[in-house]
Amino acid sequence: VENVRLLDRLSSRRAVVGTLYLTATHVIFVENGSDTRKETWVLHSQISSIEKQATTATGCPLLIRCKNFQVIHLVIPQERDCHDVYISLIRLARPVKYEELYCFSFNPKLDKEEREQGWKLVDLNEEYNRMGVPNNYWQISDVNRDYGVCDSYPTEVYVPKSATAHIIVGSSKFRSRRRFPALSYYCKGNNASICRSSQPLSGFSARCLEDEQMLQAIRKANPGSDFIYVVDTRPKLNAMANRAAGKGYENEDNYSNIKFQFIGIENIHVMRNSLQKMLEVCELKSPSMSDFLWGLENSGWLKHIKAIMDAGIFIAKAVAEEGVSVLVHCSDGWDRTAQVCSVASLLLDPYYRTMKGFMVLIEKDWVSFGHKFNHRYGNLDGDPKEISPVIDQFIDCVWQLMEQFPCAFEFNERFLIHIQHHIYSCQFGNFLCNSQKERRELKIKERTYSLWAHLWKNRADYLNPLYRSDHSQTQGTLHPQIAPCNFLYKFWSGMYNRFEKGLHPRQSVTDYLMAVKEETQQLEEELEVLQERLANLQKSKSGNNKVKSKQQDRSKQFGLYTSNNSLANTPQEYSNDLKSFPSRSPSQGDEDSALILTQDNLKSSDPDLSANSDQESGVEDLSCRSPSGGGCLPSEDSGKDSDEAVFLAG
Amino acid sequence: TNEWRLSCVNKEFSVCPSYPPVVIVPKSIDDEALRKVALFRHGGRFPVLSYYHKKNGMAMMRSSQPLTGTNGRRCKEDEKLINATLCSGRRGFVIDTRPLTVAQQARAKGGGFEQEVHYPQWRRIHKYIERFHILQESFIKLVEACNDQSHNMDRWLSKLEASNWLTHIKELLTAACLAAQCIDREGASVLVHGSEGTDSTLQVTSLAQIILDPRCRTIHGFEALVVREWLQAGHPFQQRCAQSAYSNSKQKWEAPVFLLFLECVWQIHRQFPCSFEFNEQFLIMLFEHAYASQFGTFLGNNENERAKLKLPQKTMSLWSWVNRPEELSRFQNPLYEANSLVIWPSVAPQSLQLWEGVFLRWNRPSKFLEEAEEERINIIKYNKELQARVNMLRRQLAEMETGEEVQEE
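This is a predicted model, so every value here is computed, not measured.

## Considering the UniProt feature "domain: Tyrosine specific protein phosphatases" (unreviewed entry) in chain A
When the UniProt feature table is mapped onto this chain numbering, "domain: Tyrosine specific protein phosphatases" (unreviewed entry) sits at residues 299-343 of chain A. Strand forms 9% of residues 299-343 of chain A and helix 69%; the C-alpha atoms that close the span are 22 Å apart.

Shown next, in the form of structure tokens:
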């Protein structure tokens with residue numbers, strides 16, 4: 001469709017005209033602009049909702065909201081065209097078969113071996129070995145070999161050695177969806193562990209001997225402690241309501257030596273609405289400070305984040321400080337349980353705060369234990385009531401921790417944002433389906449690529465420059481403050497206003513330090529070369545020969561020197577961004593040239609945008625490209641809007 | 001320059017008690033005219049130069065409100081003075097930090113604003129900035145919220161919202177951006193005033209300079225800015241910074257005007273972390289000394305009072321202490337790279353944050369953040385060391401090689 005206008009959210013004057021293309025996998029908008037021809041690519045699977053608004057004199061507006069928090073506002077001149085686009089997008093954004101998803105057609109031009117290598121990057125067996133199991137207390141159980149006991153669990157699960165197959169099967173029959181207690185994290189230092197399950201089918205009075213034995217076995221697997229915590233992550237009311245349906249929670253009287261604890265994290269429906277409300281606030285055109293804070297509070301988002309963190313902190317404390325094992329469950333044990341277990345693991349074990357470890361953690365607590373990626377993130381057309389930002393909340397929690405412990409994580413904010421992006425993108429096979437069983441049936445590993453390999457290949461982009469493996473923050477357990485610390489939880493504009501670069505700090509400390517570090521490394525290398533040559537020179541001074549080769553050497557050296565220099569200058573380039581401030585001054589011409597400059601700069605500095613060169617090796621990152629491109633375009637601050645009004649009216 | 005001159009008309013503090021003895025005024029206006037203008041301006045604060053934008057020769061002036069009163073008094077000299085700052089045919093903007101209604105009400109008390117008919121080359125913009133007791137109330141509420149010991153997330157956010165503190169930050173930054181925009185983008189001169197010209201006026205003019213002038217983002221430049229735009233310009237520190245947030249008795253003159261300014265600088269700093277030579281600690285240090293200090297710098301309400309108290313003779317200056325190398329190193333921003341451009345901050349709510357370094361200083365765990373800062377410093381220090389060593393070796397090598405070539409020849 002031609003002559004489509006892409007509107008800027010913050011200012012109607014910033015519209016650009018271009019052509020809209022729909023392909024089998026992407027929505028592509030190409031600007032008409034003569035030299036740059038900026039393109040905006042959006043994967044169909046990123047589309048969360050499409051809204052057709054009432055036709056106006058200028059055309060028919062179409063609003064596309066994406067799952068990675070991008071909002072695209074198009075105006076299509078012909079109502080009929082708009083309707084066609086609308087209908088096609090609705091169809092394209094909601095595929096019914098897995099085979100329609102992008103990962104099955106995505107080809108980064110890697111050979112078979114490389115793809116297999118990619119899938120092997122994260123190996124859970126290796127991970128359990130790293131934790132220290134199997135050992136005297138824990139063993140691998142093959143009871144779920146053909147998914148015979150629980151179809152949403154992995155085939156290989158770790159259970160206490162004293163739990164026989166009979167106990168496991170018995171316990172599974174007493175648990176919602178047969179998700180019996182299994183090991184999530186084992187603490188080598190003191191034998192304490194975190195186990196996970198679903199709720200027991202206790203109703204008002206039912207008991208199950210095997211289930212009681214199962215919990216007993218978990219306790220015995222930690223000889224240092226005479227009780228275990230059972231943490232129900234639901235609000236007490238919800239758990240009690242479940243009893244009427246024959247489900248519920250553990251009765252302390254029936255289980256020997258357990259301490260039962262509720263931690264009120266709300267269910268997926270509350271969370272879905274909360275995010276919805278917060279995004280509405282993010283979308284406000286020119287909110288006042290009160291609008292924003294009030295809306296943020298009203299959404300309850302930060303309250304929910306804090307609840308999840310509190311649960312994680314409680315468990316980490318039990319394991320690390322008290323040396324007590326914990327069994328965690330919610331209703332089905334695949335949403336809140338996954339959040340809480342992974343937050344606790346992250347706090348406990350520095351390994352999960354490395355790049356590789358974080359991949360392993362998601363693979364372990366989310367992918368392998370049957371978090372329903374397909375349902376929660378709407379990969380295929382499904383029940384909208386199943387959709388909920390469960391893993392988004394976990395990623396938000398990680399970011400909150402990164403803010404509090406700036407040196408503790410090997411990776412940076414960008415790493416989290418890109419993982420979030422790809423959970424929805426369906427470009428890689430990792431997060432397809434609802435369980436390991438479904439993924440095996442679809443032969444995901446043979447037919448798609450792994451995100452982890454892709455991220456690992458580009459790991460230089462995701463490094464936190466402040467991370468040092470020998471720093472105190474990278475050792476042992478993290479202890480976030482629990483006392484009155486509401487102010488520690490903050491709104492993450494880098495995520496939820498990700499595509500409005502104008503709102504973010506214009507200079508990135510991370511990027512700056514990364515450039516400095518890279519330069520440092522080159523300097524180190526050069527220093528070595530220089531020292532060597534100096535030594536050689538001193539040696540050869542007596543023999544004074546080989547002048548020619550030396551001169552060659554020198555020219556080489558010179559090359560290195562210049563490249564060094566240009567690198568040293570990179571941080572300064574950011575300052576060009578500054579020019580791009582809004583200003584709706586009449587001097588438009590001047591302004592535009594500044595903008596073009598900025599876009600070029602951003603292309604080199606922002607990996608999201610740098611994907612241009614990637615075009616041949618597959619379209620991968622193009623999908624991340626922001627529509628606002630230069631990003632600084634929207635920096636026309638809302639506040640300034642009103643100024644202008646005064647300007648004109650005054 | 002050609003258009004401006006120094007005037008000693010206020011040598012004995014007789015024309016304007018809250019101005020310094022020497023001020024900068026348009027060259028074409030003589031001292032006699034200045035005296036007349038002073039009578040027409042609240043507290044004698046006639047328009048003086050605050051900032052000269054070298055890039056395009058535009059000027060920012062500040063003053064107090066004109067005393068037009070209800071019958072619309074005029075003052076030919078005032079009109080002449082203001083117009084003298086305009087190049088021929090150019091227009092200027094008057095930024096009034098009061099809303100129109102307040103400005104209109106001020107007429108009843110003898111104050112007022114510039115009528116467009118009498119100042120045809122000027123456009124008036126009202127940009128409201130909260131003052132005095134409203135700010136103080138907001139400040140008290142905010143500190144209360146920060147010290148709230150409850151575990152409730154909602155309560156924290158609603159208290160933060162109810163304090164309105166961040167709203168004031170947003171308003172002030174917006175007004176400063178507007179002033180800067182008029183000068184840099186519109187190429188127009190600007191006159192800023194509120195009613196007295198000792199509070200919101202100074203906030204706006206000094207913040208606009210942070211945005212426009214790279215020098216103000218250096219340590220010495222910022223010190224000079226504080227001296228020029230706050231101390232010499234007669235911000236009544238003694239009245240404003242007496243009790244801080246814990247005053248029970250309602251102090252009539254108490255208001256966190258200077259703190260608000262510092263916080264806005266911090267907000268800009270946060271958005272441009274590499275463009276300032278000083279760090280957050282420097283701003284916090286200034287905040288503390290404004291309220292309680294062993295130095296005489298922030299004592300008194302204006303230069304006149306300080307001269308009478310003989311402070312320069314009796315007390316030490318804060319700057320002489322800060323500028324010693326061993327102290328200075330504590331306030332340096334390791335990420336600083338001189339940035340000669342105008343920096344335009346975002347004023348959207350998503351871009352503004354509470355200044356934790358001040359308000360949550362005693363409540364938040366700061367150890368990890370300090371460690372991070374240390375790490376940053378080390379990374380950059382190591383880089384610089386290496387650079388120096390590489391350069392040294394390079395030079396050595398070059399010397400040896402040339403020596404050798406000479407030998408060979």
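Back to the write-up after that little detour.
## A closer look at the UniProt feature "coiled-coil region" (unreviewed entry) in chain B
Following the UniProt record, one finds the feature "coiled-coil region" (unreviewed entry) at residues 369-403 of chain B. Secondary structure across residues 369-403 of chain B divides into 100% helix and 0% strand, with the first and last C-alpha atoms of the span separated by 51 Å.

## Considering the state of the cysteines
Residues and elements named next belong to chain A. The tally for this structure, following the rule as stated, stands at zero disulfides over all chains. Summary of cysteine pairing: Cys-60 is not part of a disulfide, and the nearest cysteine sulfur, belonging to Cys-82, is at 3.3 Å. Owing to a relative accessible area of 0%, Cys-60 belongs among the buried residues under this scheme.

## Observations regarding the packing of helix H6 (residues 165-184) of chain B against helix H7 (residues 200-212) of chain B
Residues and elements named next belong to chain B. Two numbers describe how H6 lies on H7: the axes approach to 8 Å, and their chain directions differ by 60 degrees. One element, H6, and the other, H7, form an angle in the oblique class. H6 and H7 meet at a crossing whose hand is right-handed. Counted together, Leu-172, Ala-175, Ala-176, Cys-177, Ala-179, Ala-180, Ile-183 and Asp-184 of H6 and Gln-203, Val-204, Leu-207, Ala-208, Ile-211 and Leu-212 of H7 form the full contact between these two elements.

## What to know about the pattern of salt bridges
Residues and elements named next belong to chain A. One pass over the structure, following the stated rule, counts 46 salt bridges over all chains. A salt bridge links Arg-207 to Glu-212; the shortest N-O distance between them is 3.0 Å. Here Asp-310 ties to Lys-306 by a salt bridge, and the two come within 3.4 Å at their closest N and O atoms. Taken together, the positions of Asp-310 and Lys-306, both in helix H9 (residues 301-322) and four residues apart, correspond to about one turn of that helix. A cluster of three or more residues bridged by salt bridges with shared partners is formed by Asp-335, Lys-372, Arg-376 and Glu-386.

## Remarks on the confidence of the model for chain A
Taken over all residues, the pLDDT of chain A has a mean of 81, while the share at 70 or more is 81%. Overall, residues 545-650 of chain A carries pLDDT values under 50, and its contacts beyond four positions in sequence, including any with other chains, amount to 224 contacts.

## Considerations on the sheet that holds strand E13 (residues 258-262) of chain A
Residues and elements named next belong to chain A. With mixed pairing, five strands are arranged side by side in an open sheet as E10-E11-E14-E12-E13. Two strands lie at the open edges of the sheet, namely strand E10 (182-186) and E13, each paired on one side alone. With direction set aside, neighbouring strand axes in the sheet form an average angle of 25 degrees. Judged from the four bridges that link them, strand E12 (residues 228-232) and strand E14 (residues 326-329) form a sheet pairing that is parallel. Directly across from Val-230, in E14, lies its bridge partner Leu-327. The strands touched by H9 within the sheet are strand E11 (193-197), E12, E13 and E14, with E12 carrying the most contacts at an inclination of about 175 degrees.

## Some remarks on unusual backbone geometry
Most peptide bonds are trans, and most residues other than glycine sit at a negative phi. Of note, the bond from Val-133 of chain A into Pro-134 of chain A is cis; its omega dihedral lies within 30 degrees of zero at -5 degrees. Within the secondary structure, Pro-134 of chain A sits in the loop between helix H3 (124-131) and strand E8 (138-141). One non-glycine residue, Cys-426 of chain A, lies in the positive phi region at around 60 degrees. Along the polypeptide, Cys-426 of chain A turns up in the loop between helix H14 (413-425) and helix H15 (436-442). In this model, Asn-164 of chain B sits at a positive phi of 65 degrees, which is unusual for a non-glycine residue. The residue Asn-164 of chain B is located in the loop between helix H5 (153-163) and H6 in this model. Classification of Asn-164 of chain B as partly exposed rests on a relative accessible area of 29%.

## Some points on the side chain of His-371 of chain A
Residue and element names in this part refer to chain A. Turning to its location among the elements, His-371 is positioned in the loop between helix H11 (355-368) and helix H12 (373-377). Judged by relative accessible area, His-371 falls into the buried class, the value being 1%. There is a polar contact of 2.7 Å between the side chain of His-371 and the side chain of Tyr-377. Apart from the residues lying within four places of it in its own chain, the contact partners of His-371 are Trp-334, Asp-335, Trp-366, Arg-376, Tyr-377, Val-390 and Asn-434.

## Some words on the domain arrangement of chain A
Residues and elements named next belong to chain A. The domains assigned to chain A are domain 1 (4-94) and domain 2 (112-511). Between domain 1 and domain 2, the C-alpha centre-to-centre distance is 35 Å. Taken together, the contact between domain 1 and domain 2 spans twelve residues of the former and 22 residues of the latter. The contact between domain 1 and domain 2 buries some 1600 Å² in all, and 52% of this surface belongs to carbon and sulfur atoms. Seen at the junction of domain 1 and domain 2, the total is one salt bridge.

About the criteria used
Residues numbered from 1 in each chain as written. Chains lettered and ligands numbered in written order. Predicted model: local features only at pLDDT ≥ 70, side-chain atom pairs only at ≥ 80, totals over all residues. Heavy atoms only, no water. UniProt positions renumbered as here; feature names shortened; annotations may be inferred. Helix = DSSP H or I, 4+ residues; strand = E, 2+ residues; numbered from the N terminus. Disulfide = S-S within 2.5 Å. Buried < 20%, exposed > 50% of the residue type's maximum accessible area, 1.4 Å probe, protein only. Axes fitted to C-alpha atoms, helices over the stretch in contact; angles between N-to-C directions. Parallel < 35°, antiparallel > 145°, perpendicular 65-115°, else oblique. Left-handed = near helix turned anticlockwise from the far one by under 90°. Contact = heavy atoms within 4.5 Å. Salt bridge = Lys/Arg side-chain N within 4 Å of Asp/Glu carboxyl O. pLDDT = per-residue confidence, 0-100. Pairing = 2+ DSSP bridges. Polar contact = N/O pair within 3.5 Å; in protein donor to acceptor, adjacent residues only side chain to side chain. Domains from an automatic or database assignment. Buried area = accessible area lost by both parts, 1.4 Å probe.

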